[in-house]
Amino acid sequence: RCEAGKRAGYAKLFGNGVNHVMTSTHVTLGRAETTRPQEIMKRRRPRVKIGDDRAIANKHLELNYNPQTSCFELYCLSSSGFSVNGRKYEQWDTVALKSRDEIAIPGSSCSFH
């Protein structure tokens, strides 16, 4: 069973400079963030900055809610990969998240709640 955050929003990512409450069911995590009003107005997938390290791709991970499994899933877009609770994953891998999972990528880390 997957758990979402207890604050307003669907879930929360925080730690190492990241403090984001998800107000949509899809978000892209990476070195760049959505700040341009035209992107927000077009309802593009929000982007959250998770670090400045050059090993972090502009679009490194996608975090999506899967209604069929009632779970948030992390999908890797970068060849640098990522890990959840110390287990390593590579580009194109998908992993279901649960509350308090620790997400690490080269140069950054955060918790999922």
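Residues numbered from 1 in each chain as written. Predicted model: local features only at pLDDT ≥ 70, side-chain atom pairs only at ≥ 80, totals over all residues. Heavy atoms only, no water.

Asks: Tell me what's going on with the sheet that holds strand 3 (residues 26-30), and back it up with residues and numbers.
Replies: What the five strands build is an open sheet, ordered 4-3-5-6-9; its pairing is mixed. The strands lining the two open edges of the sheet, one partner per strand, are strand 4 (47-49) and strand 9 (94-96). Adjacent strand axes in the sheet meet at a mean angle of 25° when their direction is disregarded. Taken together, the three bridges between strand 3 and strand 4 define a ladder with parallel strand orientation. Each bridged residue has a counterpart across the sheet, and for Thr-28 the counterpart in strand 4 is Arg-47. (Pairing = 2+ DSSP bridges. Helix = DSSP H or I, 4+ residues; strand = E, 2+ residues; numbered from the N terminus. Axes fitted to C-alpha atoms, helices over the stretch in contact; angles between N-to-C directions.)

Asks: Give me the lowdown on the nonpolar core, citing residues and values where you can.
Replies: Counting 23 residues, the largest nonpolar core has Leu-63, Leu-74 and Phe-82 as the members making the most contacts within it. If you list the elements that add at least two residues to this core, you get strand 1 (11-15), strand 2 (18-22), strand 3, strand 5 (61-66), strand 6 (71-76), strand 7 (82-84), strand 10 (101-105) and strand 11 (108-112). In terms of residues, this core owes the most to one element, strand 6, which gives three residues. Residues in contact with Phe-82, not counting those within four places in the same chain, are Leu-61, Leu-74, Cys-76, Arg-87, Lys-88, Tyr-89, Asp-93, Val-95, Ala-104 and Ile-105. (Core = buried A, V, L, I, M, F, W, Y, C linked by side-chain atoms within 4.5 Å. Buried < 20%, exposed > 50% of the residue type's maximum accessible area, 1.4 Å probe, protein only. Contact = heavy atoms within 4.5 Å.)

Asks: Talk me through the sheet that holds strand 10; I want residue IDs and the actual numbers.
Replies: What the six strands build is an open sheet, ordered 2-1-11-10-7-8; its pairing is antiparallel. Sheet topology places strand 2 and strand 8 (87-89) at the edges, where each strand pairs with a single neighbour. Taking each pair of neighbouring strands and ignoring which way they run, the sheet shows an average axis angle of 20°. Across five bridges, the pairing between strand 1 and strand 2 is antiparallel. Note on strand 2: the bridge partner recorded for Lys-12 is Val-21.

Asks: Explain the environment of Gly-17 to me, and be specific about the residues and the numbers.
Replies: Take Gly-17: it is sitting in the loop between strand 1 and strand 2. In the structure, Gly-17 is positioned 34 residues away from Gly-51 in sequence and 7.3 Å away in space, judged by C-alpha atoms.

Asks: Residues and numbers for the pattern of salt bridges, please.
Replies: The tally for this structure, following the rule as stated, stands at two salt bridges. With its nearest N and O atoms 2.7 Å apart, the salt bridge here joins Asp-52 to Lys-49. Among the salt bridges present, the one from Lys-98 reaches Asp-101, with a minimum N-O distance of 3.3 Å. For Lys-98, a relative accessible area of 44% translates into the label partly exposed. Residue Asp-101 is classed as buried on the basis of its relative accessible area, which comes to 3%. (Salt bridge = Lys/Arg side-chain N within 4 Å of Asp/Glu carboxyl O.)

Asks: With reference to specific residues and values, describe the packing of aromatic side chains.
Replies: Going through the model one piece at a time under the given rule, you end up with four aromatic pairs. Pairing Tyr-75 with Trp-92 gives two aromatic rings, centres 6.2 Å apart and planes at 40°, and the pair type is tilted. Of this pair, Tyr-75 sits in strand 6 while Trp-92 is found in the loop between strand 8 and strand 9, placing the two residues 17 residues apart along the sequence. Three or more aromatic residues joined by ring pairs form one cluster here, namely Tyr-65, Phe-72 and Phe-112. One Lys or Arg, Lys-12, reaches over the ring of Phe-14 and ends 5.4 Å from the middle of that ring. (Phe/Tyr/Trp six-rings, centres within 6.5 Å; stacked < 30°, edge-to-face > 60°. Lys NZ or Arg CZ within 6 Å of the ring centre and 35° of its normal.)

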